[in-house]
Amino acid sequence: MDFKIRNYNINSSSPEISFTVKEQSELLFKTISHLLLPLPALFLLTNNYPYLLILSVILIVSLSFLSFLLNWKITKFHSIILYVLLIIFCYFIVSFFITGQSLDTFLSFSFLKYDGNFFFCYVLFFALAVPFFDYKIVSRIYFKYLFGIFVVFGLFGILEYLTNFTRIMIATDPGAGRMFVALNFAHNATGSVYTVVSLFATIFLLTEKKKKLKFLYLGILLVLVTSLFLTKSRGSYIGYIAGTFFVIVLHYRNFKKILTRCLILAGALIALVFATGTYKRFIEIFSTTDTAVIRSRLWAHAWQLFVSSPIFGIGFGRFNDIELSSSYKLNGIRGFISVFTGSNIRLDAAHAHNSYFQFLSETGVVGIGLLFLFWGLCFGILIRAFISSKTSYFGKKVYLCGITGIIALFVLAFTENYLSATTIMVCMSMVVSLGIGLFWQEVRKGNPIDKE
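Structure report, in brief. (Residues numbered from 1 in each chain as written. Predicted model: local features only at pLDDT ≥ 70, side-chain atom pairs only at ≥ 80, totals over all residues. Heavy atoms only, no water.)

1. So, the environment of Ile170
Phase 1 of the analysis: With respect to the helices and strands, Ile170 occurs in strand 3 (residues 170-173).
Phase 2 of the analysis: Judged by its relative accessible area of 6%, Ile170 falls in the buried class.
Phase 3 of the analysis: A sequence separation of 172 residues divides Ile170 from Gly342, and the C-alpha atoms of the two residues are 40 Å apart.
Phase 4 of the analysis: Leave out the neighbours within four places in its chain, and Ile170 touches Gly157, Glu160, Tyr161, Arg178, Met179 and Phe180. (Helix = DSSP H or I, 4+ residues; strand = E, 2+ residues; numbered from the N terminus. Buried < 20%, exposed > 50% of the residue type's maximum accessible area, 1.4 Å probe, protein only. Contact = heavy atoms within 4.5 Å.)

Below is the structure:
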């Protein structure tokens, strides 16, 4: 039996409001959830301390699982992509075990951190499909968390870079020199996630209607883009430029405006390239000792593995178990279906430095085809949401962030295995999944107009 808790307004003309204990409990749960769900945004730059991000993701999954048990409900739009993602998970797990790898390896922390981080990154799509919260409120808080923490880290990094007073956010590489890494292990991880967050800030700046907020987003963008260039991650620069080009095209939809904005962007980026000394990083590509040369060898190695087993690949998590210059034996019909079953299992950060070659070599045409299908469905839902005439003002920002974020991610994937890299993928999983949920919520509620 529900107990009624009645609250009376002092103003006698206001109606009496009545809440049951159950309703108050649900309201409290939602309020707490709105503050906790965006937490991963605060830990994207701290992978030197991985348990912070891990715990925040576990918290989201736990809240989601509890809510699912109570209501057995997921959003209609999420259900479309989750069927494909579930097939991908099952396919990768079968591919893992069929190569002779053990259950102990699969359940180990090292596997989750390195070879199997794909499962950790994409689990948020399942968690955020359960509608136990308001997608618009969580999305707003998530972007506030994101911009706030990235600006704070960025300002700290810029100050360190200019003064060389401390070495908390800045690391030194023998080839690239001093670079901004935040509290991450590698500058590429920091660069990749600064790429998409800078892209989000660009979108919020261009689409904002209020002048005061425009100046705020301009300041945020300047800090983020400067920080991005200080990471010395060349692939990240290309990802940001490609993403921003599509932002301009989708936002303005007018040739003259697109051309002038692109020229302004080009001028600003060229100035920043020379001001930060980034041009030296591009010149280094032509050096025989540069990482670009090493990557080309890894790509060739991955391609050879793919050609050896083009349909299903050599086995999920097996790429780094075969050393670059060593001979190896595959079981099966070489050139058709064959897998690597060697006992040497290396759980480390080694990979093909290219998502397409990585998934082709390990999971074949079937694996990468399923991955393209999944991301294609996500992209299609967000495009549909963006062009919808009834989409809310804030919703368009979120959808455009998801659309151009996916484009930038696929550009970045040419230089690193970013399609299963924890730092950027946790960020993208949150933004894309929240965007899909927000569209479902707007359609379900009749697309209410924002009051901003």
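2. Thoughts on a nonpolar patch on the surface
Phase 1 of the analysis: Together, Tyr51, Leu55, Ile58, Phe109 and Leu112 give the surface a local cluster of nonpolar side chains, amounting to about 490 Å² of exposed area.
Phase 2 of the analysis: Elements with a minimum of two residues in the nonpolar patch: helix 2 (51-71) and helix 5 (109-113).
Phase 3 of the analysis: It is helix 2 that contributes the most residues to the nonpolar patch, three residues altogether.
Phase 4 of the analysis: With respect to the helices and strands, the residue Tyr51 is situated in helix 2. (Patch = residues over 30% accessible without salt bridge, like charges linked within 9 Å, V, L, I, M, F, W, Y side chains within 5 Å. Areas by Shrake-Rupley, 256 points an atom, 1.4 Å probe, with all protein chains shown as cover. Salt bridge = Lys/Arg side-chain N within 4 Å of Asp/Glu carboxyl O.)

3. Digging into the packing of helix 2 against helix 6 (residues 117-127)
The angle between the axes and the distance between the axes are what describe a pair of packed helices.
Phase 1 of the analysis: The geometry of helix 2 relative to helix 6 is characterised by a closest axis approach of 9 Å and an angle of 30° between their N-to-C directions. With respect to helix 6, the axis of helix 2 lies roughly parallel. For the pair helix 2 and helix 6, the crossing hand works out as left-handed. Within the contact between the two elements, helix 2 uses Leu53, Ile54, Val57, Ile60, Val61 and Ser64 and helix 6 uses Phe120, Val123, Leu124, Phe126 and Ala127.
Phase 2 of the analysis: A breakdown of the residues in the contact of helix 2 with helix 6 according to their chemical character gives 10 nonpolar, one polar and no charged. (Axes fitted to C-alpha atoms, helices over the stretch in contact; angles between N-to-C directions. Parallel < 35°, antiparallel > 145°, perpendicular 65-115°, else oblique. Left-handed = near helix turned anticlockwise from the far one by under 90°. Nonpolar A, V, L, I, M, F, W, Y, C, P; charged D, E, K, R; others polar.)

4. A few points about unusual backbone geometry
Phase 1 of the analysis: A positive phi angle, close to 60°, is found at Ala182, a residue other than glycine.
Phase 2 of the analysis: Within the secondary structure, Ala182 sits in the loop between strand 4 (177-180) and helix 8 (187-207).
Phase 3 of the analysis: Phi angles above zero are rare outside glycine, and Lys232 is one such case at about 60°.
Phase 4 of the analysis: As for its placement among the helices and strands, Lys232 is situated in the loop between helix 9 (211-230) and helix 10 (234-252).

5. Structural notes on the pattern of salt bridges
Phase 1 of the analysis: In the structure shown here, the tally under the stated rule is six salt bridges.
Phase 2 of the analysis: Where Asp134 meets Lys445, a salt bridge forms, and the shortest distance between an N and an O atom there is 3.9 Å. With Asp134 in the loop between helix 6 and helix 7 (135-163) and Lys445 in the segment after helix 16 (422-444), this residue pair connects regions lying 311 residues apart in the sequence.
Phase 3 of the analysis: With a shortest N-O distance of 3.9 Å, Lys136 and Glu442 are connected by a salt bridge. Of this pair, Lys136 sits in helix 7 while Glu442 sits in helix 16; the two residues are 306 residues apart in sequence, bridging distant segments of the chain. As far as the burial class goes, Lys136 and Glu442 line up, both buried.

6. What about helix 14 (residues 355-387)?
Phase 1 of the analysis: Between its first and last C-alpha, helix 14 extends only 30 Å over 33 residues, short of the 48 Å set by a 1.5 Å rise per residue.
Phase 2 of the analysis: Along helix 14, the helix axis deviates most sharply at Thr363, where the bend reaches about 125°.
Phase 3 of the analysis: Between the side-chain oxygen at the start of helix 14 and the backbone nitrogen of Tyr356 there is a gap of 2.8 Å, and the oxygen is on Asn354. (Expected span 1.5 Å × (residues − 1). Bend = angle between axes of the 7 residues up to and from the residue. Polar contact = N/O pair within 3.5 Å; in protein donor to acceptor, adjacent residues only side chain to side chain.)

7. Quick look at the environment of Phe153
Phase 1 of the analysis: Along the chain, Phe153 falls in helix 7.
Phase 2 of the analysis: Here Phe153 falls in the buried class, since its relative accessible area comes to 10%.
Phase 3 of the analysis: For the pair formed by Phe153 and Pro40, sequence separation is 113 residues and the distance between their alpha carbons is 15 Å.
Phase 4 of the analysis: Excluding its chain neighbours within four sequence positions, the residues that come into contact with Phe153 are Leu45, Thr46, Met169, Phe180, Ala182, Leu183 and Tyr194.

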